[in-house]
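# Chains, contacts and geometry: an overview
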Amino acid sequence: MTKTVVETIYGKYSKYEVVKDSGLISTRITLYKDGKVEGSYSSVAEAVEAARRKG
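In short, a report on the structure. Being a predicted model, the structure only gives us computed values, none of them experimental.

### Here we look at the nonpolar core
If you look at the biggest cluster of nonpolar residues, it comprises nine residues: Ile9, Tyr16, Val18, Ile29, Leu31, Ala47, Val48, Ala50 and Ala51. Every element with two or more residues in this core is listed here: strand 2 (15-22), strand 3 (27-33) and helix 1 (44-54). At four residues, the largest contribution of residues to this core is made by helix 1.

Spelled out as structure tokens, the structure:
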């Protein structure tokens, strides 16, 4: 499994990171807020939009 930070969004008080976790069978997109898991999404665009709304 390869984890790659795809996007970093800086909110007013927090740092959001969109991480793409590529495996053999599937790819997971996870949103982290200050190093803690905030949620999972089906696409990078959805995760970035969620981070911008929350930020």
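That shown, we press on.
### Concerning helix 1
Within the span of helix 1, buried status applies to Ala47, Val48, Ala50 and Ala51. For helix 1, the arc enclosing every buried residue in end-on projection is 160 degrees, short of the 170-degree limit, so these residues lie on one face. Turned more than 90 degrees away from the buried face of helix 1, the exposed residues are Ala45, Arg52 and Arg53. Where the residues of helix 1 are buried, they touch strand 1 (2-10), strand 2, strand 3 and strand 4 (36-41).

### Topic: the pattern of salt bridges
Summed over the entire model, instances satisfying the criterion amount to two salt bridges. Its salt-bridge partner being glutamate 17, residue lysine 15 comes within 3.5 Å of it at the nearest N-O pair. Classification of glutamate 17 as partly exposed rests on a relative accessible area of 22%. Put simply, lysine 54 and glutamate 38 hold a salt bridge, and the shortest N to O gap is 3.2 Å.

About the thresholds
Residues numbered from 1 in each chain as written. Predicted model: local features only at pLDDT ≥ 70, side-chain atom pairs only at ≥ 80, totals over all residues. Heavy atoms only, no water. Core = buried A, V, L, I, M, F, W, Y, C linked by side-chain atoms within 4.5 Å. Buried < 20%, exposed > 50% of the residue type's maximum accessible area, 1.4 Å probe, protein only. Helix = DSSP H or I, 4+ residues; strand = E, 2+ residues; numbered from the N terminus. Arc of directions from axis to C-beta. Contact = heavy atoms within 4.5 Å. Salt bridge = Lys/Arg side-chain N within 4 Å of Asp/Glu carboxyl O.

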